[in-house]
Amino acid sequence: MRLLDADAGYRVRTTVRSLEREGYVRAMLKEGGAEPGERLSFVAADLEKDAGWAEAVAGCEFVLHVASPLPASVPKNEDELIVPAREGTLRVLRAARDAGVKRVVLTSSFAAIGYGHPEQTAPFDETIWSDPNGDDISAYSKSKTLAERAAWDFIAKEGGALELATVNPVGVFGPVLGADYSTSILLVQRLMDGAIPGCPRMWFGIVDVRDVADLHLLAMSAPAAKGQRFLAVSGDFMSIQDIAKVLKARMGAAARRVPTRVLPNWMLRLAALRDPAVKLIIPELGKIKNGTSEKAQRVLGWSPRSREDAIVATAESLVRLGLLKK
């Protein structure tokens, strides 16, 4: 089932930290085929400040809280991620409750499910929580786990009639709308640019951004989604080498720089000493993981695109927008 429709008739109010971003956001929507005009309005609000949130949610039936910081390198202090993720989530929930909002859909992450555990062969699902005190858990994974835990605790203790559902995506790929794209896109961009000499021994879950948006709308509108978590992943996890091979097979000459050899772990550990982005992935080297979206498909009728199509759509958009090395 696909609900994402630019003409579904919803009136949408979105928040930006600065209203100067409105023009840029509208331009990206136009790139994606949507020109909502007056049905889209903007309010200035910051996750680290109280101002603006009451105005943002006033009169809304549903609130989708999708923003949380995901860095391209390891932060100096984990609280740089944890505090805005947790406190920002609680600000949105309080404002939504006070405004009589029916349901909040929180964009959580697989990072709140599949980290801090001993290695396992069984796929991760929504019944599992990341252990924030586990070995090698990153600041980002800890921030997403603590923020989602705080959200469910709030609903249980202070939420009143407010409903909550969460969507927990894996790596989000698919077409980008401009140069200001998410951190997950860097993997495809760096492979296409030949910016890395080979493929780290890592496994990722893949999901298309359009299917993540669809799942948010299903979680927003379906009665059965109340009080539920939904892991968003298309098929089995893939190794970076598998992702590289898909690009080689389907992107033709544009993928001429894509490496397909596997890099030894020691080489990555050496590179991490001087590259903060590489340091971010070191804890996951060699760890084979998997996850399942059986619940979202069964309960909500969600039907995601293939992981291969999501990868190719990412690369095609980077080429189309001129965001790769010439």
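S.K.: Help me understand helix H4 (residues 139–158), please; the structure alone is not making it clear to me.
M.R.: Residues lying three or four places apart along an α-helix face the same way, a consequence of the helix completing one turn every 3.6 residues. An ideal rise of 1.5 Å per residue puts 28 Å on 20 residues; H4 measures up with 27 Å between its terminal C-alpha atoms. Burial analysis of H4 places 14 of its 20 residues in the buried class, which makes it a mostly covered element.

S.K.: Would you take a moment to explain the packing of aromatic side chains for this structure?
M.R.: Within this structure, the stated rule accounts for three aromatic pairs. Ring geometry for Phe110 versus Tyr115: centroids 5.7 Å apart, planes at 70°, classification edge-to-face. The buried category is assigned to Phe110, whose relative accessible area is 4%. Both rings, one in Phe110 and one in Phe124, keep their centres 5.7 Å apart while their planes meet at 85°; by these two values the pair is edge-to-face. A residue pair is termed long-range when its members are at least 10 positions apart, and Phe110 in the loop between strand E4 (103–107) and H4 and Phe124 in the loop between E4 and H4 qualify at 14 residues.

S.K.: What is the right way to look at helix H6 (residues 209–221) in this model?
M.R.: End to end, H6 covers 19 Å across 13 residues, agreeing with the expected 18 Å (1.5 Å per residue, within 8%). All of the buried residues along H6 are Asp211, Val212, Asp214, Leu215, His216, Leu217, Leu218, Ala219 and Met220.

S.K.: Hey, could you run me through the environment of Leu164 in this one?
M.R.: Here Leu164 is to be found in strand E5 (residues 163–169). When the C-alpha positions of Leu164 and Val104 are compared, they lie 5.0 Å apart, and in sequence the two are 60 residues distant.

S.K.: I tried to follow the sheet that holds E4 on my own but got confused; where do I start?
M.R.: As a general point, the strands of a sheet are linked pairwise by backbone hydrogen bonds and lie either parallel or antiparallel. If you walk across this open sheet you meet the four strands as E3-E4-E5-E9, and the pairing is parallel. Edge positions in the open sheet fall to strand E3 (62–65) and strand E9 (229–232), since each of these has one partner strand only. Ignoring which end each strand starts from, the neighbouring axes of this sheet average 15° apart. Here five bridges tie E4 to E5, and the two strands are oriented parallel to one another. Counted as the bridge partner of Val105 is Ala165 from E5. Running at roughly 175° to E3, helix H3 (residues 79–98) makes contact with E3, E4 and E5 of the sheet. Relative to E4, H6 is tilted by about 155°, and along the sheet it contacts E3, E4, E5 and E9.

S.K.: When you look at the pattern of salt bridges in this model, what are you seeing that I'm missing?
M.R.: Between side chains of opposite charge, a pair can form as their charged atoms come close. By the definition in use, this model includes 16 salt bridges. Between Arg298 and Glu294 there is a salt bridge whose closest N-O contact spans 2.7 Å. In this pair, Arg298 and Glu294 are both assigned in helix H10 (residues 294–300), four residues apart and thus about one turn of the helix distant. Judged by its relative accessible area of 55%, Arg298 is exposed. Accessibility expressed as a relative area gives 40% for Glu294, which makes it partly exposed. Note that Arg307 is salt-bridged to Glu308, the shortest N-O span being 3.1 Å. Judged by relative accessible area, Arg307 falls into the partly exposed class, the value being 22%. Among the charged side chains, a network of salt bridges with common partners joins Arg97, Asp98 and Glu158.

S.K.: Can you help me understand empty space enclosed by the protein in this one?
M.R.: Regions of empty space are outlined by a rolling probe, equal in size to a water molecule, passed over the atoms. Enumeration over the complete set of coordinates arrives at one cavity of 30 Å³ or more. Size it by volume and the largest cavity reaches roughly 60 Å³. What lines the largest cavity is simply His65, Ala67, Ser68, Ala85, Thr89, Leu106, Thr107, Ser108, Lys144, Ala147 and Glu148. Within the residue set of the lining of the largest cavity, elements represented by two or more residues are H3, E4 and H4. When residues of the lining of the largest cavity are assigned to their parent elements, the largest contribution, three residues, is made by H4. Split by residue class, the lining of the largest cavity holds four nonpolar, five polar and two charged.

S.K.: What is the right way to look at the side chain of Ser293 in this model?
M.R.: Inspection of the secondary structure assignment puts Ser293 in the loop between helix H9 (276–281) and H10. Under the relative-accessibility criterion, Ser293 is labelled buried at 4%. The residues contacting Ser293, other than those within four sequence positions of it, are Leu231, Val233 and Trp302.

Parameters and conventions
- Residues numbered from 1 in each chain as written.
- Predicted model: local features only at pLDDT ≥ 70, side-chain atom pairs only at ≥ 80, totals over all residues.
- Heavy atoms only, no water.
- Helix = DSSP H or I, 4+ residues; strand = E, 2+ residues; numbered from the N terminus.
- Expected span 1.5 Å × (residues − 1).
- Buried < 20%, exposed > 50% of the residue type's maximum accessible area, 1.4 Å probe, protein only.
- Phe/Tyr/Trp six-rings, centres within 6.5 Å; stacked < 30°, edge-to-face > 60°.
- Pairing = 2+ DSSP bridges.
- Axes fitted to C-alpha atoms, helices over the stretch in contact; angles between N-to-C directions.
- Contact = heavy atoms within 4.5 Å.
- Salt bridge = Lys/Arg side-chain N within 4 Å of Asp/Glu carboxyl O.
- 1 Å grid on protein atoms, 1.4 Å probe; cavity = no way out; pocket = protein on both sides within 12 Å on 5 of 7 lines; lining within 4 Å.
- Points joined across faces, edges and corners; volume = space filled by probe spheres on them.
- Nonpolar A, V, L, I, M, F, W, Y, C, P; charged D, E, K, R; others polar.

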